[in-house]
Amino acid sequence: MSATTLKTRIGEPDIECRYPVIIGENRVIGHAYRWHRDWLVVTSEGEHNLRRPPKGTKGIDMAAAYLAEEYAAGRVAAVALDLLLAEAPQPLNGPVPLLHPRMPASDRNRAGAKTAFAGLAEQRWRPVLHGFPGSDNPWYLLCELCGWSGVRYWSHHRGRNGNPPSAHRHDGGCIGEDRVRALIPAYRK
Ligand SMILES: [Zn+2]
């Protein structure tokens, strides 16, 4: 089978927002994820940065095409999706470090992280997997109001143009927008 005919599909992202690229009967040929503007793939051979997709191409499509080619050429191995799900990263119970492991510990990043942690504490969100990944990278957070957890972006939590952040905290309703505003001053005008 040539690379051009190998059909791939994209599975559900894990809690680090890494998308499995799947062929056939739930065989994963690699994971794709975005880090700032770059797209990276993780395969049986390790990690590879594909950089930014060309204009008009989605990063995930670029990554899937790359993985299909690598697999067709015999350069990466496929792994059963079930096996990967069993080994998927799990949230920590204790505190997380200030910075995501991929974030360089520069003064600027540390300051940004402290601002984000303070803002999250005020809004009753808790990071339970990694430290600050940057404003526009996925961050796995726990909602302290209802126990929901999922991927959020700090840039969405800051509020815009002097407006408070959305009281619609996440899908699933949380505790209701009125109660959110009543409990947490940051959500009021
Ligand atoms: Zn909630």
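All of these numbers come straight from a predicted model, not from anything done at the bench. (Residues numbered from 1 in each chain as written. Predicted model: local features only at pLDDT ≥ 70, side-chain atom pairs only at ≥ 80, totals over all residues. Heavy atoms only, no water.)

### Comments concerning the overall build of the protein
Inference 1: Helix and strand content of the protein: five helices and nine strands.
Inference 2: Mapped in sequence order, the helices and strands of the protein form the string β-β-β-β-β-α-β-α-α-β-β-β-α-α.
Inference 3: The C-alpha extent of the protein, read off along each of the three principal axes, is 60 × 35 × 35 Å.
Inference 4: Counting the 189 residues in the protein, one finds 40% classified as buried.
Inference 5: In the protein, the share of contacts with a sequence separation of at least 24, taken over all contacts with a separation of at least 6, comes to 43%. (Helix = DSSP H or I, 4+ residues; strand = E, 2+ residues; numbered from the N terminus. Buried < 20%, exposed > 50% of the residue type's maximum accessible area, 1.4 Å probe, protein only. Contact = heavy atoms within 4.5 Å.)

### A look at the pattern of salt bridges
Inference 1: Counted according to the given criterion, the structure contains eight salt bridges.
Inference 2: Close ionic contact of Arg-102 with Glu-47 constitutes a salt bridge, the shortest N to O distance being 2.9 Å. Highlighted residues: Arg-102 in the loop between α2 (81–86) and α3 (107–123) and Glu-47 in strand β5 (residues 46–51), separated in sequence by 55 residues.
Inference 3: Overall, the relative accessible area of 31% leaves Arg-102 in the partly exposed class.
Inference 4: On the basis of relative accessible area, Glu-47 is assigned to the partly exposed category, the value being 47%. (Salt bridge = Lys/Arg side-chain N within 4 Å of Asp/Glu carboxyl O.)

### Structural notes on unusual backbone geometry
Inference 1: The phi angle at Cys-17 is positive, at roughly 65 degrees, despite the residue not being glycine.
Inference 2: Considering the arrangement of structural elements, one finds Cys-17 in the loop between β1 (9–10) and β2 (19–23).
Inference 3: The exposure class of Cys-17 is buried, given its relative accessible area of 11%.
Inference 4: Even without a glycine there, the phi angle at His-36 is positive, about 50 degrees.
Inference 5: Residue position: His-36 is located in the loop between β3 (27–35) and β4 (38–43).
Inference 6: Residue His-36 is classed as partly exposed on the basis of its relative accessible area of 34%.

### A look at the packing of aromatic side chains
Inference 1: Applying the stated criterion across every chain, the model contains three aromatic pairs.
Inference 2: For the ring pair Phe-117 and Trp-139, a centre distance of 5.7 Å and an interplane angle of 70 degrees mean the geometry is edge-to-face. With a gap of 22 residues between them, Phe-117 in helix α3 and Trp-139 in strand β8 (residues 139–143) connect regions that are remote in the sequence.
Inference 3: Here Phe-132 and Trp-139 contribute two aromatic rings whose centre-to-centre distance is 5.4 Å and whose plane-to-plane angle is 65 degrees, an arrangement assigned as edge-to-face. (Phe/Tyr/Trp six-rings, centres within 6.5 Å; stacked < 30°, edge-to-face > 60°.)

### Examining the domain arrangement of the protein
One frequent convention defines the size of an interface as the accessible area lost when the parts assemble.
Inference 1: According to the domain assignment, the protein contains domain 1 (8–86) and domain 2 (107–187).
Inference 2: Domain 1 and domain 2 are separated by 28 Å when their C-alpha centres are compared.
Inference 3: Listed as interface residues are six residues of domain 1 and, on the opposing side, 10 residues of domain 2.
Inference 4: Looking only at domain 1, the three residues that lose the most surface to domain 2 are Ile-15, Cys-17 and Arg-34, adding up to 62% of its buried area. (Domains from an automatic or database assignment. Buried area = accessible area lost by both parts, 1.4 Å probe.)

### Here's the deal with the coordination of the zinc ion
Inference 1: At this site the zinc ion is bound by Cys-143 (SG), Cys-146 (SG), His-170 (NE2) and Cys-174 (SG), with donor distances of 2.1 to 2.4 Å.
Inference 2: Each of the four donor atoms around the zinc ion contributes to a set of angles spanning 100 to 119 degrees, which defines the coordination as tetrahedral.
Inference 3: Here the donor residues for the zinc ion map to a single chain with the spacing C-x2-C-x23-H-x3-C. A residue pair is termed long-range when its members are at least 10 positions apart, and Cys-146 in the loop between β8 and β9 (149–152) and His-170 in the loop between α4 (154–157) and α5 (177–183) qualify at 24 residues. (Donors = N, O, S within 2.8 Å, 3.2 Å for Na, K, Ca; no water. Tetrahedral: all angles 85-135°; square planar, octahedral: opposite > 155°, others 65-115°.)

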